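Residue-level listing of the chains:
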Amino acid sequence: MNPENSVAIVTGGGQGIGKAVALRLLKDGMKVVIAEIDVEAGEETTHELKELGDVRFIQCDVASETSVKNMIQKSVEYFSGIRVLVNNAAVAANKPLGELSFEEWSRVIGVNLSGAFLCAKYAAPHLRESGGAVINLASTRAFMSEANTEAYSASKGGIFALTHALAVSLGSEVRVNCISPGWIETGEWQKTSRREKAQLRPEDHGQHPAGRVGRPEDIASAVAFLISEENSFITGANFIIDGGMTGKMIYV
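Residues numbered from 1 in each chain as written. Predicted model: local features only at pLDDT ≥ 70, side-chain atom pairs only at ≥ 80, totals over all residues. Heavy atoms only, no water.

Participant: Could you clarify how one ought to interpret the packing of helix 4 (residues 102-130) against helix 5 (residues 150-170) in this entry?
Facilitator: Two quantities define a packed helix pair, namely the angle between the axes and the distance from one axis to the other. At a closest axis distance of 8 Å, the pairing of helix 4 and helix 5 adopts a crossing angle of 15°. Here helix 4 lies roughly parallel to helix 5, going by the angle between them. Of the two possible hands of crossing, helix 4 and helix 5 adopt the one that is right-handed. In contact with W105, V108, I109, N112, L113, A116, F117, A120, A124 and R128 of helix 4, helix 5 contributes E150, A151, Y152, A154, S155, K156, G158, I159, L162, L166, S169 and L170. Here the residues of the contact of helix 4 with helix 5 sort into 15 nonpolar, four polar and three charged. (Axes fitted to C-alpha atoms, helices over the stretch in contact; angles between N-to-C directions. Helix = DSSP H or I, 4+ residues; strand = E, 2+ residues; numbered from the N terminus. Parallel < 35°, antiparallel > 145°, perpendicular 65-115°, else oblique. Left-handed = near helix turned anticlockwise from the far one by under 90°. Contact = heavy atoms within 4.5 Å. Nonpolar A, V, L, I, M, F, W, Y, C, P; charged D, E, K, R; others polar.)

Below, the structure is given as structure tokens:
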């Protein structure tokens, strides 16, 4: 995909992996909409990245259909089209099953899964027009779990299935792929009021076959790869980017 005159929406683009994706796409010459519920993070990141290119912040709660429709409409008004949608926004409520309320469960599913559906639904006409691409952020927790992650794991498993369903429904006009990150350390990519330097131990890095914990840039690089026209034959696929951890047999 030629980045010139291309517009990308990155949900949850104010912090973490989303911020790294926004940074990478701006460096590649794209225009970027940061769709972010956190005003502080959205405004701060937009200010930080504005020297790199045309970037706009639109406050959006992806779990709200009205908010998503407004965000898509404003994005098109600003930039006259959409070429890429990166569904990255996510929340978690990891706690013992008996303590997890239905409201907490519903919020996680609403943001992580329904949010991706809503953004894809309302961006689809514009993506069809541009011959664009959707990248959904799932997780290795779609395929393996630690205890007390029911809501988050279920939402990310849904993202994996939503990806191949969208790829079939929107093909051949729009390509849809999925990235499943493993351990990605995002402490230094948070808004200033929450930013902290990672305290990683040698054993944290050493347990990864790749020899280190992941960085947000690793995921941003994969997004750039998947939206490239050079990779136009890739759709409906899931890419696990976890330093090899899900391929590792662990014995106690």
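Participant: Which parts of the structure should I look at to understand the pattern of salt bridges?
Facilitator: A pair can form between side chains of opposite charge whenever their charged atoms are brought close. The full count for this structure, using the stated rule, is 16 salt bridges. Measuring nitrogen to oxygen at the nearest pair gives 3.4 Å for the salt bridge that ties D54 to R56. A relative accessible area of 31% places D54 in the partly exposed class. Because the salt bridges share partners, they merge into one network encompassing K19, E44, E48 and R195. (Salt bridge = Lys/Arg side-chain N within 4 Å of Asp/Glu carboxyl O. Buried < 20%, exposed > 50% of the residue type's maximum accessible area, 1.4 Å probe, protein only.)

Participant: Help me understand empty space enclosed by the protein in this model?
Facilitator: Gaps left between atoms are located by rolling a probe of water-molecule size over the structure's atoms. Under the counting rule described, the total for this entry stands at one cavity of 30 Å³ or more. Each pocket or cavity is described by its volume, and for the largest cavity that value is around 60 Å³. If you go around the largest cavity, you meet 13 residues; those closest to its centre are N87, N88, A89, N112 and A116. Looking at the lining of the largest cavity, the element that brings in the most residues is helix 4, giving five residues. (1 Å grid on protein atoms, 1.4 Å probe; cavity = no way out; pocket = protein on both sides within 12 Å on 5 of 7 lines; lining within 4 Å. Points joined across faces, edges and corners; volume = space filled by probe spheres on them.)

Participant: It is not clear to me how helix 7 (residues 216-227) should be interpreted in this structure. Could you clarify?
Facilitator: Over its 12 residues, helix 7 extends 17 Å from the first C-alpha to the last, a length consistent with the 16 Å expected when each residue adds 1.5 Å. As for helix 7, its buried residues are in contact with helix 1 (16-27), strand 4 (84-87), strand 5 (133-137), strand 6 (175-181) and strand 7 (238-241). (Expected span 1.5 Å × (residues − 1).)

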